Amino acid sequence: MFDGTPAEYASYTALFPLGGTLYDRFGRDRIVFWLFPLYAQSERDGRRVDNLLWPFFSRTSGAGSSGYAFWPFYGWIEQGEQLRSRFFLWPLGFSETRGDPDHPDSWQSAFLPFYYVRESAGESSRALLWPFLTYHHDRLRRFKEWSFPWPLVRITRGEDRNGLRLLPLYADETLDEVRKRWYLWPLFKDEQLHNDLFKRREFRLAYFLYRDLTERHLETGAEVRRIHCWP
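What comes next concerns the included structure. Computed from a predicted structure; not experimentally measured.

Considerations on the pattern of salt bridges
Consideration 1: Under the defined criterion, the tally for this structure stands at 23 salt bridges.
Consideration 2: For the salt bridge of Arg30 with Glu43, the shortest nitrogen-to-oxygen distance reads 2.8 Å. With Arg30 in strand 4 (residues 28-34) and Glu43 in strand 5 (residues 39-44), this pair connects stretches of sequence that are 13 residues apart.
Consideration 3: Looking at Glu43, the relative accessible area reads 25%, which means it is partly exposed.
Consideration 4: A salt bridge links Lys189 to Glu191; the shortest N-O distance between them is 3.1 Å.
Consideration 5: By relative accessible area, which is 9% here, Lys189 ends up buried.
Consideration 6: Note on Glu191: relative accessible area 15%, which makes it buried.
Consideration 7: Residues joined by salt bridges that share partners form a network here, namely Lys189, Glu191, Arg200, Glu215 and Arg226.

Here it is, written out as structure tokens:
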């Protein structure tokens, strides 16, 4: 049983699952239900969702939004020119467009695992047999990345990010000031960090069995070395 008197709303009483009205509960401004899940209605910021046999049938209206859903087979929703979204056989198939339909800020479409496509001002992504064959172009961080098949083979090319991964045989990847190399993963690992002030190198054998760490401050010449051999 629920009851209360919120400051911004009228007093309410509800007996779940028989029926009633709730205010300012579960992230919604108002919830009305009768013989739940037979019927439920929720409102938030002027947008209303009516559910019949929740969650299978729903209708969205108000605040510039409209849509219907017959979950999980098909559904759509539109919010003015901000969002247009579709799904079918959820979560396998979906599409989404944000912004002006003629010049969208971003859009994506997929029918998993067969394909996935995403485009925006900052990035482009493609995938076949997701997630095994993928391509990603990050225009903001200025790098491109190919995986085939993920995560065994990966090639990265960019201004601050480069690498080649051929697991479990070999990997050599650089991100900004850090370079990581693997040989016969996870047997041998060599990681280096080098900038104008600091130099660090760590070598691992079987990851935790043996660890050799050297750190050096280039301005002062101070150097520290630590060796750990388990157990």
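Examining the nonpolar core
Consideration 1: Membership of the largest hydrophobic core is limited to 7 residues, which are Tyr12, Ala14, Leu22, Tyr23, Ile31, Phe33 and Ala40.
Consideration 2: Elements with a minimum of two residues in this core: strand 2 (12-15), strand 3 (19-25) and strand 4.
Consideration 3: With sequence-adjacent residues up to four places away left out, Ala14 is seen in contact with Met1, Phe2, Gly19, Gly20, Thr21, Leu22 and Phe33.

Some points on the pairing of strand 23 (residues 210-217)
Consideration 1: Examined bridge by bridge, strand 22 (residues 198-205) and strand 23 share 8 bridges and lie antiparallel to one another. Directly across from Arg200, in strand 23, lies its bridge partner Glu215.
Consideration 2: Linking two consecutive strands that pair antiparallel, namely strand 22 and strand 23, is a turn of 4 residues; a positive phi of about 50° is found at Ala206 within it.
Consideration 3: Pairing of strand 23 with strand 24 (residues 223-229), which is carried by 7 bridges, proceeds in the antiparallel orientation. Bridged to Asp212 within strand 24 is Ile227.

Criteria and cut-off values
Residues numbered from 1 in each chain as written. Predicted model: local features only at pLDDT ≥ 70, side-chain atom pairs only at ≥ 80, totals over all residues. Heavy atoms only, no water. Salt bridge = Lys/Arg side-chain N within 4 Å of Asp/Glu carboxyl O. Helix = DSSP H or I, 4+ residues; strand = E, 2+ residues; numbered from the N terminus. Buried < 20%, exposed > 50% of the residue type's maximum accessible area, 1.4 Å probe, protein only. Core = buried A, V, L, I, M, F, W, Y, C linked by side-chain atoms within 4.5 Å. Contact = heavy atoms within 4.5 Å. Pairing = 2+ DSSP bridges.

What is shown is where atoms sit, not what they do.
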